[in-house]
Amino acid sequence: MNKFNKYTVIGVMSGTSLDGIDICKCHFYKHKNWTYRIENGVTIKYSKKWNKTLNSLHSRDEKFINEINIEYGELIGNEINKFIKDNNSDIDFIASHGHTIFHQPEKKMTLQIGDGQTIANTTNLKTISNFRKLDVELNGQGAPLVPIGDLFLFSEYKYCLNLGGFSNISIKKDNGIIAYDICPVNIILNYLSKKINLDYDKEGKIGKSGSVNLDLLQRLNQIDYYKKPYPKSLSREWLENEILKLDEIKYLKTEDLLATFYEHIGVQIGEKLKDNLVYISGGGAKNKYLINRIKKYSKSKIIIADQLNLDYKEAIIFGFLGVLKNRNEINCLKDVTGADRDSSSGEIHYPK
């Protein structure tokens with residue numbers, strides 16, 4: 001295998017649920033097919049200051065957002081430097097998703113902060129970033145981007161389901177793949193948990209103790225988004241407009257709200273899983289009660305990812321998107337995002 005068919009990459013991802021910055025070292029190999037090996041990874045928890053900053057950044061002015069974009073790039077770069085030092089790593093390049101602040105593709109707007117040039121300068125390594133922008137310019141959703149990795153790296157599973165801030169699914173179909181966001185998961189479960197001074201509902205114990213509110217459940221399941229055909233994607237803005245404004249969020253007990261949302265998530269995800277194998281990753285896969293609710297409504301055999309893939313699958317796949325961009329190969333599929341054409345998305349930055 002020549003050096004042009006082997007890559008050692010650091011993949012970086014920060015999800016909407018603000019769990020932290022996922023950094024992983026991964027090797028990708030191209031023979032007849034693509035394979036990968038994840039070596040190790042780390043999740044950098046956000047300080048209270050960063051958590052507050054990222055949570056409210058969408059409401060700040062452009063000048064402040066630009067300043068934080070650079071500062072956040074420095075944060076990522078410095079954490080990567082520590083990771084490389086700890087792991088004695090020889091790296092070809094970095095592929096960083098950044099952290100989403102705006103995602104409104106219908107307005108041709110998406111912003112993932114974590115300036116790629118700043119990361120490159122801080123680490124002295126080539127950095128590929130800004131993976132969503134080109135697809136949005138091509139009239140696509142700019143999401144989901146993970147399916148290209150599901151297609152090439154996880155081909156043995158009909159369904160790949162990620163349970164992050166939102167749930168997204170890839171479905172192998174007719175020698176290709178379709179994918180879309182299903183519903184909110186950790187972004188709403190964590191929001192509700194914070195009402196009772198918890199960062200999250202560990203293993204779903206609070207929700208399990210509550211009672212499902214059938215009226216709210218019915219309202220949730222009738223939200224327009226669920227009736228829309230794919231391609232489609234969700235965002236924090238959608239959550240604020242469609243769910244956080246519901247009266248029940250203000251007056252129902254937190255445990256009953258959690259119980260209702262677990263049921264809602266179970267219904268929305270479970271009905272998509274009609275047969276075969278489903279491979280589940282993301283933070284929500286650690287939530288036993290959430291998995292229980294999905295199983296209730298699903299007909300698929302559920303496979304939970306091993307620990308490294310469970311925690312870092314999205315970071316791995318953004319590493320893979322970087323590999324494809326580095327080779328000037330397609331990494332963004334119009335059949336998934338609804339764009340005018342397939343594209344090789346991302347911006348390459350060299351250290352200055």
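Figured I'd write up the structure that's included with this text. (Residues numbered from 1 in each chain as written. Predicted model: local features only at pLDDT ≥ 70, side-chain atom pairs only at ≥ 80, totals over all residues. Heavy atoms only, no water.)

### Some words on the packing of helix 8 (residues 214-221) against helix 11 (residues 254-270)
At a closest axis distance of 10 Å, the pairing of helix 8 and helix 11 adopts a crossing angle of 40°. Between helix 8 and helix 11, the interaxial angle falls into the category oblique. With respect to the hand of their crossing, helix 8 and helix 11 are arranged in right-handed fashion. Where helix 8 approaches helix 11, its residues Leu216, Leu217, Leu220 and Asn221 are matched on the opposing element by Leu257, Thr260, Phe261, Glu263, His264, Val267 and Gln268. (Axes fitted to C-alpha atoms, helices over the stretch in contact; angles between N-to-C directions. Helix = DSSP H or I, 4+ residues; strand = E, 2+ residues; numbered from the N terminus. Parallel < 35°, antiparallel > 145°, perpendicular 65-115°, else oblique. Left-handed = near helix turned anticlockwise from the far one by under 90°. Contact = heavy atoms within 4.5 Å.)

### Describing the sheet that holds strand 4 (residues 93-96)
Strand order in this open sheet of 6 strands is 3-2-1-4-7-13, and the pairing throughout is mixed. Two strands bound the open sheet, and with one partner strand each, they are strand 3 (34-44) and strand 13 (347-349). Direction aside, neighbouring strands of the sheet carry axes that sit 25° apart on average. Looking at chain direction, strand 7 (residues 127-129) and strand 13 are connected through 3 bridges and run antiparallel. Across the sheet, isoleucine 128 pairs through a bridge with isoleucine 348, a residue of strand 13. Packing of helix 13 (residues 307-326) onto the sheet brings it into contact with strand 1 (6-14), strand 2 (21-30), strand 3, strand 4, strand 7 and strand 13, and relative to strand 3 it is tilted by some 120°. (Pairing = 2+ DSSP bridges.)

### Remarks on unusual backbone geometry
With an omega dihedral of -15°, the bond running from alanine 143 to proline 144 counts as a cis peptide bond. Residue proline 231 is bonded to the preceding tyrosine 230 through a cis peptide linkage, with omega at 5°. For proline 231, the position within the fold is in the loop between helix 8 and helix 9 (236-242). Not every positive phi belongs to a glycine, and asparagine 130 is a case in point at roughly 60°.

### So, the environment of leucine 134
Tracing the chain through its elements places leucine 134 in helix 4 (residues 133-137). For leucine 134 and glutamate 347, which are 213 residues apart along the polypeptide, the C-alpha to C-alpha distance reads 9.2 Å. Every residue in contact with leucine 134, bar those within four places of it in the chain, is listed here: Ser343, Ser344 and Ser345.

### Some words on the nonpolar core
Among the nonpolar cores identified, the biggest contains 79 residues, and Phe28, Leu163, Trp238, Ile243 and Ile269 are the most heavily contacted of them. When residues of this core are assigned to their parent elements, the largest contribution, 10 residues, is made by helix 13. Excluding anything up to four places from it in sequence, tryptophan 238 contacts Phe166, Pro184, Ile223, Tyr225, Tyr226 and Ile243. Grouped together as the second largest cluster of nonpolar side chains are 25 residues, Ile10, Leu75, Ile76 and Ile113 included. (Core = buried A, V, L, I, M, F, W, Y, C linked by side-chain atoms within 4.5 Å. Buried < 20%, exposed > 50% of the residue type's maximum accessible area, 1.4 Å probe, protein only.)

### A word on the environment of lysine 108
Tracing the chain through its elements places lysine 108 in the loop between strand 5 (99-104) and strand 6 (109-113). For the pair lysine 108 and glycine 142, spaced 34 residues apart in the sequence, the C-alpha separation amounts to 9.5 Å. Excluding residues that lie within four positions of it along the chain, lysine 108 makes contacts with Val136, Glu137 and Asn139. Among the polar contacts made by the side chain of lysine 108, one reaches the side chain of asparagine 139 at a distance of 2.4 Å. (Polar contact = N/O pair within 3.5 Å; in protein donor to acceptor, adjacent residues only side chain to side chain.)

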